[in-house]
Structures are given as C-alpha cells and as structure tokens.
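Coordinates in review
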Amino acid sequence: MDFSFDGLATILSVYGLRILGAIFIFYIGKRVARWLSSLAVKVMQRSQMDETLYKFFSNVIYGVLLVVVVLAALSNLGVETTSFVAMFGAVGLAVGLAFKDTFANIGAGVLLIVFRPFKVGDYVHVGGESGTVEEINLFSVQLKTPDNKLIIMPNGNTVGSTIVNFSAKSTRRVDFVFGVSYEDDLKLVKSTLQEIISEDSRVLADPAPFVAVSELADSSVNFVVRVWVKSEDYWGVHFDTIEKVKLTFDAKGICIPYPQMELRQK
C-alpha cells in the first residue's frame, strides 16, 4: 500500500466520503433508534402495559435497531455484511441454547405480565407453595409466606403449574362442619348455628347463609354451615366462628362428641 502523500490523498478521495457516510449513518441511526424506542415506551404506557414489560420491550427494540444501524454503516463502507449476519445468527443460536432456561423464564414472565393471573398483593397457591405476591419480574415471582418466609419461584415453574388465586374475587365462601351428639336437639342446634351466623356483621346476606344436617356419622350428627364473606374477612370469620360455636354449645349444653368405637366380645 502506498503511504506517500499522493497515496494517502488517493485513499481519502476513495474512502473519505464512505467513512463520513458511515459515521453519519451511525450517528443519525442511533438517534432514530433511541427515538423509536422512546416512542414505543409512550405507546405501551398509554395502553397501560406493565412497567417491567414495556422497559424490556423498549430495550429489545433499541438493541435490534442498533444492530441494523451498525450493519448499514458497515455496508456503506463497502464491507460485506452477509458474513456478519451469519455470525450474529450463529452467536444468537449459541446464546439461545446456553440460556434456554433463562429465555423460557423470560417468555413465561411476559405471559404472566400480559395475562395477569395474579398481581402484587394477591394471596395465591402456585407450584405447591402459598403466599402473598410481593414481586413479579421477567425471571421470577416472589411470594411471602404467612410466617414471613420469602419464596422465589422461576416463572417457567409458575406458568407450568396450576395457579389458585384466593384474592381474585371480592367474596369467598367459608365452609364449616360441626358434629353434635345423637342425643342433642337438632332444632336447637340448627337455630343456635343460625343465631351465631346472624350476629356476625361480616357475614353477607347475599348469597344467604346455609345451615343443614349433612351426615349421620358413626359418632355424631354433622351440620354443614356455609357463609359468604368479603375475601379479606375470610380467616377472621373462620377462626371467630369456630371459637364462638364451641363457647355457645358449651353454654347451651350441646355436646360435641369424641370419636367413639364400640367393641363387643362374645
């Protein structure tokens, strides 16, 4: 290669405009890529998309556009970009295979954020674990158990399992079964249970509470009690009703029998 003044002038005359063009393409293209990613963020914000999701998509859009800009700049320099495209494809394939579990979690995270089977603050049972949802990100779901343990569950496991959302509905039904002795007055037991339920202001009138004999068991006559409450009152009504039934039964002389087995010998 001729490094003399004339040779350098020749090189600049041949490649100078291409270099300037490549720099211009990269500079303008980068600004356009940033503007388009910002525009995409605004559109997704207006559609009330989750913040985690639109930030992820904006980064993906910007990264893809930046790759296109670099390839366009190289092409303007006369560089054959076909080999670069093939190289990027090979690298992408290798990265995809190496991080397939991570990408699976990201895909599952997108599904969780888009379809929203639960949200932060909901109490759920998922993947064999129960707790209050503290965070949903592109990789995992974080649950806080009632005894204040933190459970971090990969999104792939979450999407692939049955999800029970206890907070999805505004009301829940509380079911009880109370056993009394065969010697007790069933009408008194039924009216007592109805009285206990009616005195609790947290119990909803619609749907109406239900009290009935459900089973003539081996050692007891079982009553089923079903009441509807607001979801946030579920456990309070559950524990308070059991306690009040025991105290009221004791006061009225209603017997809650122990399991019994009668053995006869000939």
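Before going into details, it helps to say that this report is about the structure given with it. (Residues numbered from 1 in each chain as written. Predicted model: local features only at pLDDT ≥ 70, side-chain atom pairs only at ≥ 80, totals over all residues. Heavy atoms only, no water.)

A few words now on the packing of aromatic side chains. Applying the stated criterion to the full structure yields four aromatic pairs. Taken together, a centroid distance of 5.7 Å and an interplanar angle of 45° make the contact between Y123 and F166 tilted. Separated by 43 residues along the polypeptide, Y123 in strand β1 (residues 123-126) and F166 in the loop between β5 (163-165) and β6 (171-180) bring together distant segments of the chain. Look at Y234 and W235: their rings are 5.0 Å apart centre to centre, the planes differ by 85°, and that puts the pair in the edge-to-face class. (Phe/Tyr/Trp six-rings, centres within 6.5 Å; stacked < 30°, edge-to-face > 60°. Helix = DSSP H or I, 4+ residues; strand = E, 2+ residues; numbered from the N terminus.)

Attention now goes to the sheet that holds β6. Spatially, three strands are ordered β6-β8-β7 in an open sheet, and the strand pairing comes out antiparallel. The strands lining the two open edges of the sheet, one partner per strand, are β6 and β7 (210-216). Here the strands of the sheet are splayed against their neighbours by 25° on average, with no regard to which way each runs. The pairing of β6 with strand β8 (residues 221-230) spans ten bridges and is classified as antiparallel. When the sheet's bridge partners are listed, R172 is paired in β8 with V229. Each of β6, β7 and β8 touches helix α6 (residues 186-198); the most contacted strand, β8, lies at about 15° to it. This element, helix α7 (residues 234-252), spans β6 and β8 of the sheet and lies at about 20° to β6. (Pairing = 2+ DSSP bridges. Axes fitted to C-alpha atoms, helices over the stretch in contact; angles between N-to-C directions. Contact = heavy atoms within 4.5 Å.)

Attention now goes to a nonpolar patch on the surface. Taken together, the side chains of F24, Y27, I28, V32, W35, L36, L39 and V43 define a hydrophobic patch exposed on the protein surface, amounting to about 770 Å² of accessible area. Residue position: W35 is located in helix α1 (residues 5-46). The class of W35 is exposed, set by a relative accessible area of 54%. (Patch = residues over 30% accessible without salt bridge, like charges linked within 9 Å, V, L, I, M, F, W, Y side chains within 5 Å. Areas by Shrake-Rupley, 256 points an atom, 1.4 Å probe, with all protein chains shown as cover. Salt bridge = Lys/Arg side-chain N within 4 Å of Asp/Glu carboxyl O. Buried < 20%, exposed > 50% of the residue type's maximum accessible area, 1.4 Å probe, protein only.)

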